Amino acid sequence: MEKKKKWDKTFSKRLEPYYDELKWLYSELYNNDQQAFDYFTDMLFEYYKKRSKTLKMWDEARDVVKDWFAGNEMLGMLMYTNCFAGNLKGVRKHLDYVEECGVNYIHLMPLLESPEGRSDGGYAVSDFRKVQPELGTMKDLAELSQDCHSRGISVCLDFVMNHTSEDHEWAKRARAGEKEYQDRYFFFDNWDIPNQFEQTVPQVFPQTAPGNFTWCDEAKKVVMTSFYPYQWDLNYRNPTVFNDMTANMLYLCNQGIDIIRLDAVPYIWKTLGTNCRNLPEVHNLVRIMRIAAEVVCPGTLLLGEVVMEPSKVVPYFGTVDKPECHMLYNVTTMASTWHTVATKDVRLLKHQLGTVFALPKQYVFLNYLRCHDDIGWGLDYEYLRQFGMEEIPHKKYLNDYLKGAWPGSDARGELYNDDPRLGDARLCGTTASLSGIEAAEYEMRKDKLEKYVRLDLMLHAFLLTQSGIPVLYSGDEIGQLNDYTYHDDPHKADDSRYLHRGNLDWNSVARRKDKGTREEMIFDGIRELTKLRNSHRVFENAADTWIVETWNDHILGIGRYYRGEKLIALFNFSERDETAWVNEVEDYVDMLTGDSREAKAVGIPAYGFVWLLTEFK
């Protein structure tokens, strides 16, 4: 390794085992540009130096226990800062509530500076080093992170790396005609090459933002805009872009951010004649970013946002020898879960979970029921076809059921990006509203409310049974309902995802202490489940997992075993009482009641579940 005199021993020691690989990957991407590589490594040292003593202590502690995030005690919560508490100082004031929820990992949705009305919910960043003014300052973010760390809470932040806002300084200078800055994006003098791209590159939002390019009138050129016209794709073929964006990421890490969510990472490398998704160069870039984090801030994790089928998601973990992301989203299980709610048929979910269970134990997934985004129906239709479920009519059924347009359905959701021509649409709604709780309360039907609260809790129990990190969407812990007021906001009315992005109702939060309320039943129910999960090693990520055959297509069975503890978890997705025809030989205890119970022909009420535990001495 070509050591620089100004590098200290700790930095040099961290960099040395990666140096040859780092140089090789960088040279492959950037045509042996030694000057750019030297700048990159010196930049890493500069951010290492700027890291506070406290954060360096965190790094050292986490470096000793590298899988500190893979235990059974992790519980995340996803929140928009303004929706949760107005601003960053408000979030700090409510950390007691976060702790009361048992949460030790908060994901703050995009909060960096972005233009109002042209931000895609904060995903069009105009300055990676400034917080949106109404949310606070970078100092507020650092102080919030410090407070969280003092309570053992990790902080996650989105890093929007595929594009910038058209209001970013680079974009302004590119629009003014400066070639250096136009080279940071994809600018073309005419539509010839863009039209060639369009032949092979899918559209991300064919209804709301068709096409992948936009005419920039000021520059009199065409610019690549894969997502929305105000989001300009960055050109990672330019080493200056990669160097500066990595510096922006490390700057955020130095504010105390523990988990960097790499937004839209599959899109970041563009090659003409391809679909510009998941190209090999993407993995090289992510691997370099992983090395950068290991060298500068080894206490920081990379979370990849890869919303695709498992075959395309898993490669972003990298290999055991050359890892990329520490964690990935389990998006397919989320979609399959809501499919199962609508169909009452667990066969697809069993099939999908079987694929996940077969993966190496060191792979850590983030599991969730709902997030800020819509539910996309990227299901395994080849598998479903054997049961007579064809893609287009089946999507229509799922959407009709979950928006309450199917006879007998009490779900309440709305469509997103509806494309009647293709018979395609995605779906929005809170967990409680999609579970039927909203309809039950509107009808003032206590029997329905109890049934749908049971469904809500069963879904959360299923979430907590999976290996990985369970993440709650803020408000789900009290069963928050859909917020229809977005229809009256001109900046939000065209985006139905705001249906489930409503402000947290703190009056509703207060009702968690009132016996018999929906808030109390769901809050206490989830809290009881998370405490049980924390206290039993069978929920560790390293546990063996398998599908338990229940001989009932309405009941999902999952088995777990780790260090002498065995769990049989059974989930009834039917609105009727059902029996799981299992026949386990050991003596079990019902974890929720503490009573002895045989794991044989287990009766489960409508939308109910059981966790049965046995221990081997």
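Above this text you will find the structure in question.
All residue numbers here refer to positions counted from 1 along the written sequence of the relevant chain. Given that this is a predicted model, residues contribute local features only at a pLDDT of at least 70 and side-chain atom pairs are listed and counted only at 80 or more, while totals for whole chains, interfaces and linings are drawn from all residues. Side-chain numbers come from the whole structure's heavy atoms, not from hydrogens or water.

**Comments concerning the nonpolar core**
Link 1 in the chain: The definition of a nonpolar core used throughout is a set of buried Ala, Val, Leu, Ile, Met, Phe, Trp, Tyr and Cys residues joined through side-chain atoms within 4.5 Å. The buried label applies to any residue whose accessible area, calculated with a 1.4 Å probe on protein chains only, is under 20% of its type's maximum; exposed applies above 50%, and partly exposed to all values in between. Judged by nonpolar contacts, the single largest core of 182 residues is most densely connected at Ile106, Leu108, Phe159, Tyr236, Leu262, Phe571 and Trp611.
Link 2 in the chain: Contacts: residue pairs with any heavy atoms within 4.5 Å of one another. Contact partners of Leu262, with chain neighbours within four places excluded, come to Phe159, Met161, Met249, Val286, Met289, Leu302, Leu303, Gly304, Glu305 and Cys325.
Link 3 in the chain: Membership of the second largest hydrophobic core comes to 14 residues, among which are Phe205, Ala209, Phe227 and Tyr228.

**With respect to the state of the cysteines**
Link 1 in the chain: When two cysteine sulfur atoms lie within 2.5 Å, the pair is treated as a disulfide. Per the counting criterion, the structure on display carries zero disulfides.
Link 2 in the chain: Note on Cys371: no disulfide assigned, nearest cysteine sulfur contributed by Cys428 at a separation of 9.6 Å.
Link 3 in the chain: Taking the relative accessible area as the measure of exposure, Cys371 reaches 12% and is therefore buried.
Link 4 in the chain: Its relative accessible area of 0% is what places Cys428 among the buried residues.

**A few points about the environment of Val98**
Link 1 in the chain: Structurally, Val98 can be placed in helix H6 (residues 95–100).
Link 2 in the chain: Residue classification places Val98 among the buried positions, given a relative accessible area of 0%.
Link 3 in the chain: Sequence separation between Val98 and Met77 is 21 residues; the distance between their C-alpha atoms is 8.3 Å.
Link 4 in the chain: Once residues lying within four places of it in the same chain are set aside, the contact partners of Val98 are Met79, Phe84, Val103, Ile106 and Ile153. Helix numbering and strand numbering both begin at the N terminus, where a helix is a DSSP run of H or I of at least 4 residues and a strand a DSSP run of E of at least 2.

**Brief notes about the pattern of salt bridges**
Link 1 in the chain: Within this document, salt bridges are pairs made up of a side-chain nitrogen of Lys or Arg and a carboxyl oxygen of Asp or Glu, the two lying within 4 Å of each other. Applying the stated criterion across every chain, the model contains 51 salt bridges.
Link 2 in the chain: Here Asp263 makes a salt bridge to Arg261, at a shortest N to O gap of 3.1 Å.
Link 3 in the chain: You can call Arg261 buried: its relative accessible area is 2%.
Link 4 in the chain: Bridged by salt links that share partners, the residues Asp410, Glu443, Arg445, Asp447 and Lys448 form one connected network.

**What to know about the packing of aromatic side chains**
Link 1 in the chain: Aromatic contacts are taken between Phe, Tyr and Trp rings whose centres are within 6.5 Å, Trp giving its six-membered ring; a plane angle under 30 degrees counts as stacked, one over 60 as edge-to-face, and the others as tilted. Going through the model one piece at a time under the given rule, you end up with 38 aromatic pairs.
Link 2 in the chain: Summarising the aromatic geometry, the rings of Phe40 and Phe242 are spaced 5.7 Å apart at their centres and angled 15 degrees between planes, so their arrangement reads as stacked. Placement of Phe40 in helix H2 (residues 34–50) and of Phe242 in helix H11 (residues 239–253) is noted, with a sequence separation of 202 residues between them.
Link 3 in the chain: Classification of Phe40 by relative accessible area gives buried; the value is 0%.
Link 4 in the chain: Judged by relative accessible area, which is 1%, Phe242 ranks as buried.
Link 5 in the chain: Between Phe187 and Trp232, the ring centres sit 5.6 Å apart and the planes meet at 80 degrees, which makes this aromatic pair edge-to-face.

**Some remarks on the environment of Asn278**
Link 1 in the chain: Looking at the element boundaries, Asn278 is found in the loop between strand S11 (259–263) and helix H12 (280–296).
Link 2 in the chain: For the pair Asn278 and Trp215, spaced 63 residues apart in sequence, the C-alpha to C-alpha distance is 26 Å.
Link 3 in the chain: A distance of 2.7 Å separates a polar atom in the side chain of Asn278 from a polar atom in the side chain of Tyr316. Any pair of N or O atoms that falls within 3.5 Å is considered a polar contact. Within protein, one atom must be able to donate a hydrogen and the other to accept it, and sequence-neighbouring residues count only if both atoms are side-chain atoms.

**A closer look at helix H14 (residues 331–343)**
Link 1 in the chain: What a helix is expected to span follows from its residue count: subtract one and scale by 1.5 Å. Taking 1.5 Å per residue, 13 residues should reach 18 Å; H14 reaches 19 Å between its end C-alpha atoms and fits that length.
Link 2 in the chain: Most of H14 is tucked away: 13 of the 13 residues are buried.
Link 3 in the chain: Looking at the residues trailing H14, positive phi occurs at Lys344, about 65 degrees.

**Quick look at the side chain of His372**
Link 1 in the chain: Along the chain, the position of His372 falls in the loop between strand S14 (364–368) and helix H16 (381–385).
Link 2 in the chain: Every residue in contact with His372, bar those within four places of it in the chain, is listed here: Leu78, Tyr80, Met109, Tyr123, Arg261, Tyr473, Arg497, His500 and Arg501.

**With respect to the sheet that holds strand S1 (residues 76–79)**
Link 1 in the chain: Whether two strands pair comes down to DSSP finding at least two bridges between them. In spatial order, the strands read S1-S2-S5-S11-S12-S13-S14-S17; together these eight strands close into a barrel with parallel pairing. Strand-to-strand twist in this sheet, taken as the mean axis angle between neighbours without regard to direction, amounts to 25 degrees.
Link 2 in the chain: In the sheet, strand S13 (residues 327–329) pairs with S14 via three bridges, with the strands oriented parallel. Counterpart to Met327 in the pairing with S14 is Val364.
Link 3 in the chain: Each of strand S5 (154–160), S11 and strand S12 (301–304) touches H11; the most contacted strand, S5, lies at about 160 degrees to it. The axes are straight lines fitted to the C-alpha atoms, using for helices just the contacting stretch, and the angles between their N-to-C directions are given from 0 to 180°.

**Brief notes about the sheet that holds strand S7 (residues 187–188)**
Link 1 in the chain: Spatial strand order, S7-S9-S8: three strands in an open sheet with antiparallel pairing. With partners counted over all chains shown, the strands left at the sheet margins are S7 and strand S8 (213–216), one partner each.
Link 2 in the chain: Where S7 meets strand S9 (residues 221–224), two bridges bridge the pair, whose relative direction is antiparallel. Looking at the pairing, Phe188 lines up with Val222 of S9.

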